[in-house]
Amino acid sequence: MTPTTGSGDGTPVLFIHGLWLHPTSWYAWEKLFQEKGFTTAAPGWPGVAGTVEASREDPEAIAGKGIDEVTDHYARIVEAMPSPPVLVGHSFGGMIAQKLLGKGYGCAAVAIDAAQFKGVLPVPLSALRATFPVFRNPSNRRKAVSLTSQQFRYAFGNAVSAEESDQLHSMWAIPAPGRPLFEAAAANFSRHSPAAVDTHADERGPLLLIMGRRDRTVPEAITKSEYKQQNASRATTDLMEYRDRGHSLTIDSGWREIAEDCLIWIGRHVPAMA
C-alpha cells in the first residue's frame, strides 16, 4: 500500500496498525497531524490491500506474515524517509514501533495498547479469550483469521456501545495473520524470538506507552510490565493511562483525546516540533 503523505514539511510521522484493523483506520489521526504541520504515512503490513473491501476479499495475501517480516517492511519505509519519523503504533503496531525504536529507527515512538514482547510475563485471561479465534486451531499459524462482530466487540469494542462497536467492525476490520500471535505466545521460550525488543537501548529516542484500563486484548498488566522493562534504558519512557478506554481507543468516538495527548507529548519530546 502506498503511504499517505500530508502537505506539512515538519517531522514525519509513521503510523503502524495492528492486527484486524486496516491502515486507513488512521485516517482521522493523519488529518489531525497534518493540520499540525506533520507529514504522515500510514502504509499497511505487507500483503494488506489498499482498501478494507479488497483486504477482506483476499485474506491469503497477508496469511503467514510474521513479526520479523513486518518489522523489516517498516524499517525499509523508515529508511526511505527524508528524516527519522515519530513512530505511532497500535497493538502489534505498538510492539513493532518499540522494536524499530530499539534498533535506531525513528526519533521517538508512541506505542498504544502495545502487544506483549519477549520478557512480558502477565497473560490475563481476557487476553487469551480475545485471541482465542486464532489459538483455537494450531493451523491458524499459517492462515489469516477474521473476527466476527461479536468477537470484535469483546476484543476491541467493549468500552463503547454495541452499536458503535458493530459500526467500527464494519468500517475497519480485516483478516489478520495468525503467525504474530503464535510468535508472541512462544516468545519467552525462544532464545531468538522475533517478539524481542531491545529494552536496554540507551541511545534510543523517547517512548510513550499508552494503555486503556478496560482493554481486554492488551490489559493494563501487560503495558505496565512493558513500561517497567523499558525503564532499563536511560532514555525517556513515559506512561499514560485512560480509565474508561478499551482496545478501540484509536478508532472509536474518543480517538481525538488520545491523538491530541500524543501531539502534546511529541511537542515536548521532539525538538523540531516543540
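Conventions we followed
- Positions within a chain are numbered from 1, following the residues in the order the chain's sequence is written.
- Residues qualify for local features only when their pLDDT is at least 70, as the model is predicted, and side-chain atom pairs are given and counted only at 80 or more; totals for whole chains, interfaces and linings, by contrast, use all residues.
- Side-chain measures here rest on the full set of heavy atoms in the structure, leaving out hydrogens and waters.
- Every axis corresponds to a line fitted to the C-alpha atoms, with the helix fit spanning only the stretch in contact, and the corresponding angles, defined between N-to-C directions, vary from 0 to 180 degrees.
- Going along the chain from the N terminus, every DSSP run of H or I of four or more residues is numbered as a helix, and every run of E of two or more is numbered as a strand.
- By definition, turning the near helix anticlockwise from the far helix through less than a right angle yields a left-handed crossing, and turning it clockwise yields a right-handed one.
- Residue contacts follow a heavy-atom distance rule, with two residues in contact if any of their heavy atoms lie within 4.5 Å.
- Side-chain classes follow a simple rule in which Ala, Val, Leu, Ile, Met, Phe, Trp, Tyr, Cys and Pro form the nonpolar group, Asp, Glu, Lys and Arg form the charged group, and the remainder, Gly included, forms the polar group.
- To count toward a patch, a residue needs a relative accessible area over 30% and no salt bridge; like charges are then connected within 9 Å, while nonpolar side chains (Val, Leu, Ile, Met, Phe, Trp, Tyr) are connected within 5 Å.
- Residue-level accessible areas treat just the shown protein chains as cover; the underlying method is Shrake-Rupley with a 1.4 Å probe.
- A side-chain nitrogen of Lys or Arg and a carboxyl oxygen of Asp or Glu constitute a salt bridge if their distance falls within 4 Å.
- Between buried and exposed lies partly exposed: a residue is buried under 20% and exposed over 50% of the maximum accessible area for its type, with that area taken using a 1.4 Å probe on protein chains only.
- Any helix carries an expected span of 1.5 Å times its number of residues minus one.
- Charged-residue counts in this description rest on Lys and Arg as positive and Asp and Glu as negative, His and the chain ends being excluded.
- In this description, the location of a charge corresponds to atom NZ of lysine, CZ of arginine, CG of aspartate or CD of glutamate.
- Only buried residues count toward a nonpolar core, which is a set of Ala, Val, Leu, Ile, Met, Phe, Trp, Tyr and Cys residues joined through side-chain atoms within 4.5 Å.
- Confidence of the predictor in every single residue is expressed as pLDDT, which spans 0 to 100.

1. What about the packing of helix 3 (residues 67-79) against helix 4 (residues 92-102)?
- Interhelical geometry of helix 3 versus helix 4 gives an angle of 65° and a closest axis separation of 10 Å. Taken as a pair, helix 3 and helix 4 cross one another with a handedness that is right-handed. Contacts between helix 3 and helix 4 involve Ile 67, Asp 68, Val 70, Thr 71, Tyr 74 and Ala 75 on the former and, on the latter, Phe 92, Met 95, Ile 96, Lys 99 and Leu 100.
- Split into classes, the residues belonging to the contact of helix 3 with helix 4 amount to eight nonpolar, one polar and two charged.

2. Section: a nonpolar patch on the surface
- Side chains of Val 123, Leu 125 and Leu 128 sit close together on the surface and give an oily, nonpolar patch of about 300 Å² of accessible area.
- In this fold, Leu 125 is placed in helix 5 (residues 125-130).
- For Leu 125, a relative accessible area of 71% translates into the label exposed.

3. Observations concerning the pattern of salt bridges
- Tallied over the full model, the rule gives seven salt bridges.
- Notably, a salt bridge pairs Arg 234 with Asp 202, separated by 3.3 Å at the nearest N-O pair. You can see Arg 234 sitting in the loop between helix 10 (220-230) and strand 8 (237-242) and its partner Asp 202 sitting in the loop between helix 9 (179-185) and strand 7 (207-212), a full 32 residues away along the chain.
- By relative accessible area, Arg 234 is classed as exposed at 70%.
- The partly exposed category is assigned to Asp 202, whose relative accessible area is 27%.
- The shortest N-O distance in the salt bridge between Arg 256 and Glu 260 comes to 2.8 Å.

4. Some remarks on helix 3
- Between its first and last C-alpha, helix 3 extends 18 Å over 13 residues, near the 18 Å set by a 1.5 Å rise per residue.
- Of all the residues in helix 3, the buried ones are Ile 67, Val 70, Thr 71, His 73, Tyr 74, Ala 75, Ile 77 and Val 78.

5. Thoughts on unusual backbone geometry
- One non-glycine residue, Ser 91, adopts positive backbone phi at about 60°.
- With relative accessibility at 6%, the residue Ser 91 sits in the buried group.
- We note that Asp 113 has phi near 45°; this positive angle belongs to a residue other than glycine.
- Residue placement: Asp 113 occurs in the loop between strand 4 (108-112) and helix 5.

6. Things to note about a negative patch on the surface
- Taken together, the side chains of Glu 53, Glu 57, Asp 58 and Glu 60 present a region of like negative charge at the surface.
- Of note, Glu 57 is situated in helix 2 (residues 52-57).

7. Remarks on the nonpolar core
- Membership of the largest hydrophobic core comes to 56 residues, with the highest contact counts inside it found for Leu 14, Trp 45, Tyr 74, Phe 92 and Met 95.
- When neighbours within four sequence positions are excluded, Met 95 is seen to be in contact with Ile 67, Ala 114, Ala 115, Gln 116, Phe 117, Ala 184, Ala 195 and Val 197.
- Among the nonpolar cores identified, the runner-up in size contains 25 residues, and Phe 38, Ile 112, Ile 266 and Val 270 belong to it.

8. Looking at the side chain of Ser 25
- Take Ser 25: it is sitting in the loop between strand 1 (12-16) and helix 1 (27-35).
- Residue classification places Ser 25 among the buried positions, given a relative accessible area of 8%.
- Contact partners of Ser 25, with chain neighbours within four places excluded, come to Trp 172 and Ile 251.

9. Describing the confidence of the model for the chain
- With 96% of its residues at a pLDDT of at least 70, the chain reaches an overall mean of 94.
- The model gives residues 1-8 a pLDDT under 50, and that stretch makes 25 contacts with residues more than four places away or in other chains.

10. Details of the environment of Thr 236
- Topologically, Thr 236 is positioned in the loop between helix 10 and strand 8.
- Distance in space between the C-alpha atoms of Thr 236 and Leu 168 is 34 Å, their sequence separation being 68 residues.
- Here Thr 236 is in contact with Arg 204, Gly 205, Pro 206, Leu 207 and His 269, once residues within four sequence places are set aside.

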